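Architecture and fold: a report
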Amino acid sequence: MSDYILVLDAGTTSTRAIIFASDGVPAASAQAELTQHYPQAGWVEHDAREIWDKTLACAREVLPQIGGAAMVAGIGITNQRETVVAWDKATGEPLTRAVVWQDRRTAPLCAELREAGHEEDIQLRTGLVLDPYFSATKMRWMLDNVAEVRAAADAGTLAFGTVESWLVFKLTGGAAHISDASNASRTLLLELEGAAFDEGLCDLFGVPSGALPDVVDMAGELAQTDARLFGRAIPITGLAGDQQSATIGQACLAPGETKATYGTGAFILTNQGEVAPHSQHRLLGTVLTQIDGRRTYAIEGSVFVAGSLVQWLRDSLGIVEVASETEALARSIPDSGGVTIVPALAGLGAPHWQSEARGVIAGLSFASGKAELARAALEAMAHQTYDLAQAFAADGTDWQTLRIDGGMAANDWMAQDLADMLGLTVERPAFIETTALGAAMLAASGAGLYPDLQNAADKMRGKLTRFEPKMDDAVREERLTRWRKALSAA
Ligand code: ADP
């Protein structure tokens, strides 16, 4: 029976193909690392051709393991968001390297637009802030600095897209140039309630609207793969940006339900229902789902440094050999001995948005050692999350429970510390790959295996582990006091 779902998960550091059975259990997977290009300080690029070649190779590796393309009901795609690919519609080839979400090269352009007084209006219309993180200024940079991109724009053959858009173009043999609403909502070119990219915003950023994809639903018969790729045309039935996909994978489908992903950075999203959110506290408003033309929204807060702090302890300080050792180190002492880390190694994200802030280690004494530093690093995750919880609450969104995932969520000590500091139940699914699972849920409902997304989520979501808060208020207060003190120094 063709009731398997093929998920293509094109992330920042790697791309993967995972096949899910209709009950959400993974049946096969393949993964390939992506080359990171750093041509200058603050610049991060990917080779879009490599993303496509490796994603296709992964798909071709897993399909035979379940009996081939005939067994697949639909393809779901999830991807690193905001990253811009520019290609030529006529040749189907990239015109330059993709500019990755982490890339800061357009900071001067953002500053210019801010000085010209556009920030408030942009924020109101798009739900986003004026920051190099988002796609529009990256597109503009390519037009201004890459002759091939400008020439294709002049010739009318330029195509811009985020990574899912690029993959769909290649998967359909160039037949479809589309972007799903969740990815489109990260470009600065879509109004939160707009059905298509906005002409006024395109003019403001200097992006020709003709180069942009059509904005489409996130589930349904969205496109068909070129039959030559897998021996048979497969419908593409689910599309979502990675954080929206993880939110769906955690079944946060009702207003107030919240997930936090702790990977390299941390991304927290709360479902806001059908009303477009407008944060007063520098959180982002973003599209969570669009199905049959109807949208639900989320508020999002991102922390730039999460697991990468543990990586730094490992690679730059040599305090641990593997990231998971931080758990035993944290447990080996009753407290951090007053050591507090502010992980502003790459500035501070929401709700602070201080790109010039830098990291702080406060409270060192001769008694401070590896264990104190490891514990302080893990504690910093709960501190950063606490600040976001306050900002979400100030925007009128109180978290009921927190559903966690991402590589760092495997750390039981950190999960318990989050529950303790937030005073909330923390839930962790047994299957931690919620990003891929969310795309599978979308694709399964889009392919008609389930009547709707809620049904798909009910059937495909796995078992949970719960962490209940048990910390004394006095201990929590002491932690927050030292955190705030250290934060002011950052
Ligand atoms: P991404 O998807 O952003 O590449 P992952 O979700 O794979 O990241 O998470 C990897 C990150 O989590 C790494 O930065 C690593 O340092 C951290 N990490 C992984 N396992 C643990 C652990 N048990 N304890 C603390 N940190 C961890």
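Residues numbered from 1 in each chain as written. Predicted model: local features only at pLDDT ≥ 70, side-chain atom pairs only at ≥ 80, totals over all residues. Heavy atoms only, no water.

Considerations on the packing of aromatic side chains
To keep things clear, this is the line we draw: Classification of ring pairs uses Phe, Tyr and Trp, with its six-membered ring standing for Trp, and accepts pairs whose centres are within 6.5 Å; under 30 degrees between planes counts as stacked, over 60 as edge-to-face, and the remaining range as tilted. Strands are runs of DSSP state E lasting at least two residues, helices are runs of H or I lasting at least four, and both sets are numbered from the N terminus onward. A 1.4 Å probe rolled over the protein chains alone gives each residue an accessible area, and that area as a share of the maximum for its type sets the label: buried under 20%, exposed over 50%, partly exposed in between. In our convention, an over-ring charge means Lys NZ or Arg CZ found within 6 Å of a ring centre and within 35 degrees of that ring's normal.
In this structure the tally under the stated criterion is nine aromatic pairs. Their ring planes at 75° and their centres at 6.0 Å tell us that F304 and W353 sit as a pair that is edge-to-face. Of this pair, F304 sits in the loop between β16 (294-303) and α11 (307-315) while W353 sits in the loop between β17 (340-342) and β18 (360-362), and the two are 49 residues apart along the sequence. Taking the relative accessible area as the measure of exposure, F304 reaches 25% and is therefore partly exposed. Its relative accessible area of 12% is what places W353 among the buried residues. Each ring, one from F392 and one from W399, has its centre 5.2 Å from the other, and the planes form 65°; the classification is edge-to-face. Note on W399: relative accessible area 7%, which makes it buried. An aromatic cluster of at least three residues, connected via ring pairs, comprises W101, Y133, F134 and F267. Lying across the ring of W43, R105 places its NZ or CZ 3.7 Å from the centre. Stacked on the ring of W141, the Lys or Arg R105 has its end atom at 4.4 Å from the ring centre.

Some details on the pattern of salt bridges
Keep this limit in mind: Note on definitions: salt bridges are taken to be side-chain nitrogens of Lys or Arg within 4 Å of carboxyl oxygens of Asp or Glu.
As enumerated under the stated definition, the model contains 36 salt bridges in all. With a shortest N-O distance of 2.6 Å, E93 and R49 are connected by a salt bridge. Here E93, found in the loop between β6 (85-88) and β7 (98-99), pairs with R49, found in helix α1 (residues 48-62); they are 44 residues apart in sequence, far enough to count as distant. Residue E93 is classed as partly exposed on the basis of its relative accessible area of 32%. Taking the shortest distance from any N to any O, the salt bridge between R479 and E379 comes out at 3.4 Å.

Concerning helix α15 (residues 434-446)
Selection rule: Helix span, as expected, comes to 1.5 Å for every residue beyond the first.
Between its first and last C-alpha, α15 extends 18 Å over 13 residues, near the 18 Å set by a 1.5 Å rise per residue. Along α15, 13 of the 13 residues are buried, which leaves the element largely enclosed by surrounding structure.

Focus: the nonpolar core
Here is the rule we go by: Within this scheme, the nonpolar core is defined by two criteria: the residues are buried Ala, Val, Leu, Ile, Met, Phe, Trp, Tyr or Cys, and they are joined through side-chain atoms within 4.5 Å. Two residues qualify as a contact provided that any one of their heavy atoms is within 4.5 Å of a heavy atom in the partner residue.
Core analysis: the largest hydrophobic core is formed by 121 residues, its most contacted members being F160, L189, F205 and Y262. Broken down by element, this core gets its largest block of residues, 14 residues, from helix α13 (residues 370-394). When near neighbours in sequence (up to four residues on either side) are disregarded, L189 contacts A136, M139, F197, D198, L201, C202, F205, V207 and L212. Counting 42 residues, the second-largest nonpolar core is a separate cluster that includes C58, A159, L229 and I236.

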